[in-house]
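A closer look at the structure
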Amino acid sequence: TSPFAPRHLLSIADLTPTELTTLVRNAHHHKTIIKSTGEVPTSLRSALAGRTVALTFSKRSTRTRLSTEGAVVALGGHPMFLGKDDIQLGVNEDLYDTSVVMSSMTSAIVARVGPHADVADLAQHSSVPVINALSDLYHPMQIVADLLTIAEVNLSSSSSSLGLEGMRIAWVGDANNVLFDLAIGAAKLGIDVSVATPKGYEIPEEMRGVIDQAAATAPQGGKLFETNVPEEAIKNADIIVTDTWVSMGQEEETAKRLKAFEGFQITSELVKRGGAKENWSFMHCLPRHPEEVSEEVFKGPHSVVYREAENRLWAAISVLEGFVVNKGHITSSQ
Ligand code: CP
Ligand code: NVA
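Every chain is numbered independently, its residues counted from 1 as its sequence is written. Chain labels run from A onward and ligand labels from 1 onward, assigned in the order the entries are written. Thresholds applied to this predicted model are a pLDDT of at least 70 for local features of residues and 80 or more for the giving and counting of side-chain atom pairs; totals over whole chains, interfaces and linings are not thresholded and use all residues.

1. Regarding the site of ligand 2
The cut-off we apply is this: Nearness here is judged by the C-beta atom: place it from the backbone, and if it falls within 6 Å of a molecule or strand, the residue counts as near that partner. Polar here means any residue other than Ala, Val, Leu, Ile, Met, Phe, Trp, Tyr, Cys and Pro, which are nonpolar, and Asp, Glu, Lys and Arg, which are charged; Gly is therefore polar.
The local shell around ligand 2 consists of Leu134, Asn176, Asn177, Val178, Asp243, Thr244, Ser247, Met248 and Cys285. For the shell around ligand 2, the class distribution of residues is four nonpolar, four polar and one charged.

2. Focus: the site of ligand 1
Operational definition: Where a domain begins and ends is set by an automatic assignment or by a domain database.
Every residue near ligand 1 is listed here: Ser61, Thr62, Arg63, Thr64, Leu134, Gln142, Cys285, Leu286 and Pro287. Considering only residue class, the shell around ligand 1 consists of four nonpolar, four polar and one charged. Taken domain by domain, the makeup of the shell around ligand 1 includes at least three residues from each of domain 1 (12-139 + 312-325) and domain 2 (142-309).

3. Considerations on the sheet that holds strand S5 (residues 168-172)
Defined as follows: Here, strands pair whenever DSSP counts at least two bridges between them. Note on conventions: DSSP H or I runs of at least 4 residues are helices, E runs of at least 2 residues are strands, and numbering of each starts at the N terminus. Each axis is a line fitted through C-alpha atoms, and for a helix only the stretch in contact is used; angles between axes span 0 to 180 degrees, taken between their N-to-C directions.
Read from one edge of the open sheet, five strands run S7-S6-S5-S8-S9, paired in parallel fashion. At either margin of the open sheet sits one strand with a lone partner, and together these are strand S7 (224-227) and strand S9 (281-284). Strand-to-strand twist across the sheet, computed as the mean angle between neighbouring axes with direction ignored, equals 20°.

4. Describing the pairing of strand S1 (residues 52-57)
As a reminder of what qualifies: Residue burial here comes from a neighbour count, namely the number of other C-beta atoms, placed from the backbone, that lie within 10 Å of the residue's own C-beta, with 20 or more meaning buried, 12 or fewer meaning exposed, and in between meaning partly exposed. By definition, the crossover connecting two strands over a helix is right-handed if that path, from the first strand to the second, turns clockwise as seen with the strands pointing away from the viewer.
The buried fraction of S1 amounts to five of the six residues, a majority that puts the element mostly inside the structure. Pairing between S1 and strand S2 (residues 78-82): five bridges, direction parallel. In the strand pairing of S2, threonine 52 is matched with histidine 78. Viewed along the sheet, the connection from S1 through helix H3 (residues 63-74) into S2 turns out right-handed. In terms of strand pairing, S1 meets strand S3 (residues 108-112) through five bridges, oriented parallel. From the neighbouring strand, threonine 56 faces S3, where its bridge partner is alanine 111.

5. Focus on the pairing of strand S8 (residues 239-242)
Alternating positions in S8 separate into two faces, Ile239 and Val241 on one and Ile240 and Thr242 on the other, with burial throughout. In this structure, S5 lies alongside S8, joined through three bridges in parallel fashion. Looking at the pairing, alanine 170 lines up with isoleucine 240 of S8. For S8 and S9, the ladder comprises four bridges, and the chain directions are parallel. Bridge pairing in S9 places isoleucine 239 opposite serine 281.

The structure is reproduced here in structure tokens:
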């Protein structure tokens, strides 16, 4: 790679534990300042002035589009949203041509794709940073927001860590893109993750290797536990997380999956049987369907899902600042 090769964010695995911590802390810093003053500070507001960021999405999105488009505006740039029917990507033109051309006219590319290879190909040929806005393997911006959601209640500006070591996250549901990056991030921050999936829907072997590697990048990496029994995963959990049982692109498997995941719905009875910590929190990246979590838990006092969703904006500002404004040099904004 040339010394001018841009740095991309395709997965949380691309970050050191310190960089991940810094991105989360910067997100918290921007959230605090912008919400308390009602304004974006001048330094941020001009950071991408006169520059364009392409947001190319081949799948639907509410949160990722709102947050990345809003983040580009907060940084003074111009977001150019390109939906799947707007550009030639993958239909009339190959990824190489699209990537070279798109990056010749923009300062960054935020891409939501199907196969992870698509965003990896875009990155390989792009002359500007490429940020993964969800692929079938990873969802890094979601995880920066999730870690902010978990950490923010206890964040003080004095300590440089997020203070999450030794925590336990239970993931009950499908082993998917959101779980993979969450498990990688948790491993890097010393958080243990216990995963319950139905038989046949476990974490793929290669991904387990990637998560183990992530744990090895930390002095005291978080551990991964796996089971097919939801109660076992929930035992002693501080945080309980799930996501849809049918990710975008898996619609044809809907009937089969709904059947396979029976008994995996997060309900207060399940949480009680499992024995979560008393002050457990419920998280979900959204969009949510009633089968994976009961209304009572989703809207109940333990749920932090709407704060988690809002945190996507603060995470997107932090990620774009780190990767686009500061070209991959992730340093503290405080
Ligand atoms: N959580 C998330 O990525 O939501 P969207 O698909 O609506 O962007
Ligand atoms: N796992 C889900 C996440 C949506 C934000 C999907 O890929 O569809």
